[in-house]
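# Analysis of the macromolecular model
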Amino acid sequence: MKSTYVENEKELAAVHATAMVKNGMIVGLGSGSTSAYMIKELGENVKKGLAITGVPSSKKTAQLAQEVGIPIITLEEAGFLDINIDGADEFDTEFRLIKGGGGALLREKILADNSRFNVIIADSSKQVSKLGAYKLPLEAIPFATANIIKKLTGMHLKPMLRQTNGETYKTDENNFIVDIDISDIRDLEKLNRNLLHIPGVVETGLFLESTDIIIMGKRDKIVVFNAKESS
Ligand SMILES: O=C[C@H](O)[C@H](O)[C@H](O)COP(=O)(O)O
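Residues numbered from 1 in each chain as written. Predicted model: local features only at pLDDT ≥ 70, side-chain atom pairs only at ≥ 80, totals over all residues.

Moving on: the overall build of the protein chain. For the protein chain, the helix and strand inventory stands at eight helices and 15 strands. Computed over its C-alpha atoms, the radius of gyration of the protein chain comes to 17 Å, within 12% of the 17 Å expected for a compact globule of 231 residues. Taken over 231 residues, the protein chain has a buried fraction of 45%. At a minimum sequence separation of 6, the contacts of the protein chain that also span at least 24 residues come to 74%. (Helix = DSSP H or I, 4+ residues; strand = E, 2+ residues; numbered from the N terminus. Rg over C-alpha atoms; globule rule 2.2 N^0.38 Å. Buried ≥ 20, exposed ≤ 12 C-beta atoms within 10 Å, placed from the backbone. Contact = placed C-beta atoms within 7 Å.)

Put into C-alpha cells, the structure is as follows:
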C-alpha cells in the first residue's frame, strides 16, 4: 500500500493538469494510477459540461473513461490529439522518462508521438537525478522473446520476463514485457537505438524527447517543469 502523501501528490498533479483541457479538445488518456486520478477528474468536468473526446492508451483506461462518462474514440478516428496526459515511472532533469510499469508503454508512446502537447503527471518519488533505479520495460513479440532475452543477457542488461500471478504478462497488443536493468548505462539514446535494432523488440519504455511539461505533486504543492523554459 502506497503512503497517503504519495497518493495526494498524484491526485494534486492530475487535477492540476486537467485545467489545461479545454472544450472541443481531443485528449490522450494515459494509463496507471496517476492517470486514473486525471481521468476521474475529467469525468467530473464532463458531467459539468466540458465537451471533450478521449483516446485511451490501454483497455483498462478505456474502461475507466467509459465508466466516468468521457466519450472515447480510436486514434484513427482522432487523427491527432490536442493534448496527451500520462504518468511516468521515473523522470530526470532532461525530461527523459521511464514508462511502462503498467505494461502500456507501446500505445502510450504512440499517443505521445501523435499529440501536439505532452503533459506528464507524477508524484515526487518519480523525480530522479539518473534514470534506472526502476527497471526499463521493453515490449517484445512472443515469437522472438526467448532469443531477445539471450541477447539482452549478453548486453549485461539482466533481462526478466514479466510475470503476473505466475503467468507471463501479456500486453493489450498480445506481446510480452521484458524488464531490463539500465542503472549502469550512461548513453540512453544509444541504448535505445540498440534495443530498437533487435528484431522483435517492438518498443522501449524510454521516452526521450516527447515531454513538454511535467507536473509534479510535492507534499501539498505543485511543481511544474517546462521543457521549453529549460532548453
Ligand atoms: O504502463 C504504465 C504507464 O507507463 C504508467 O504511466 C506508469 O507506469 C506510471 O504509473 P503510475 O501512475 O501508476 O505510477
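This next bit is on helix H2 (residues 33-47). With 15 residues, H2 ought to run about 21 Å at 1.5 Å a step, and its terminal C-alpha atoms sit 22 Å apart, in line with that. The complete set of buried residues in H2 reads Thr-34, Ser-35, Ala-36, Tyr-37, Met-38, Ile-39 and Leu-42. The secondary structure elements touched by the buried residues of H2 are helix H1 (4-18), strand S1 (26-29), helix H3 (59-68), strand S3 (83-86) and strand S6 (118-123). Once H2 ends, the next one or two residues include Gly-49, with phi positive near 120°. (Expected span 1.5 Å × (residues − 1).)

Turning our eyes to something else, we now look at the site of the ligand. The ligand sits among 18 residues. The nearest are Gly-32, Thr-34, Gly-87, Gly-101 and Gly-102. Broken down by element, the shell around the ligand gets its largest block of residues, three residues, from H2. The class makeup of the residues in the shell around the ligand is three nonpolar, 11 polar and four charged. (Near = placed C-beta within 6 Å. Nonpolar A, V, L, I, M, F, W, Y, C, P; charged D, E, K, R; others polar.)

This part is about the packing of H2 against H3. At a closest axis distance of 8 Å, the pairing of H2 and H3 adopts a crossing angle of 25°. The orientation of H2 relative to H3 falls into the category roughly parallel. In this structure, H2 crosses over H3, and the sense of that crossing is right-handed. From H2, Ser-35, Ala-36, Ile-39, Lys-40 and Gly-43 reach across to H3, where they touch Thr-61, Leu-64, Ala-65 and Val-68. Of the residues belonging to the contact of H2 with H3, the class tally is five nonpolar, three polar and one charged. (Axes fitted to C-alpha atoms, helices over the stretch in contact; angles between N-to-C directions. Parallel < 35°, antiparallel > 145°, perpendicular 65-115°, else oblique. Left-handed = near helix turned anticlockwise from the far one by under 90°.)

A word on the sheet that holds strand S8 (residues 160-161). As summarised here, the arrangement of the four strands in space is S8-S11-S7-S12, forming an open sheet in which the pairing is antiparallel. Only two strands of the sheet have a single neighbouring strand rather than two, namely S8 and strand S12 (201-204). In terms of strand pairing, S8 meets strand S11 (residues 176-180) through two bridges, oriented antiparallel. Residue pairing in the sheet places Met-160 in a bridge with Asp-179 of S11. Lying on the sheet, helix H5 (residues 105-113) is in contact with strand S7 (136-140) and S12; it crosses S12 at an angle near 65°. (Pairing = 2+ DSSP bridges.)

What follows covers the pairing of S3. Neither face of S3 is exposed, since Ile-83 and Ile-85 on one face and Asn-84 and Asp-86 on the opposite face are all buried. Judged from the three bridges that link them, S3 and S6 form a sheet pairing that is parallel. The residue bridging Asp-86 from the neighbouring strand is Ile-120, located in S6.

Attention now moves to the UniProt feature "active site" (unreviewed entry) in the protein chain. As recorded in UniProt, the feature "active site" (unreviewed entry) lies at Glu-108. Mapped onto the secondary structure, Glu-108 falls in helix H5. When neighbours within four sequence positions are excluded, Glu-108 is seen to be in contact with Gly-30, Ser-31, Ser-57, Asp-86 and Lys-99. (UniProt positions renumbered as here; feature names shortened; annotations may be inferred.)

Attention shifts here to the sheet that holds strand S2 (residues 53-56). Taking strand neighbours across the sheet as the criterion, the six strands line up as S2-S1-S3-S6-S14-S15 in an open arrangement whose pairing is mixed. At either margin of the open sheet sits one strand with a lone partner, and together these are S2 and strand S15 (221-226). With direction set aside, neighbouring strand axes in the sheet form an average angle of 20°. Bridge count between S6 and strand S14 (residues 213-218): five bridges; the pairing is parallel. The residue of S14 that forms the bridge with Val-119 is Ile-213. Of the strands in this sheet, S3, S6, S14 and S15 are in contact with H1, which crosses S14 at around 140°. Contacting S1 and S2, H3 runs over the sheet at an angle of about 155° to S2.

We now examine the environment of Val-21. Assignment of secondary structure puts Val-21 in the loop between H1 and S1. On the basis of neighbour count, Val-21 is assigned to the buried category, with 20 C-beta atoms found within 10 Å. On a C-alpha basis, the gap between Val-21 and Leu-157 in space is 39 Å, while along the polypeptide they are 136 residues apart. Not counting residues up to four positions away in its chain, the partners in contact with Val-21 are Val-27, Leu-42, Ile-52 and Ile-83.

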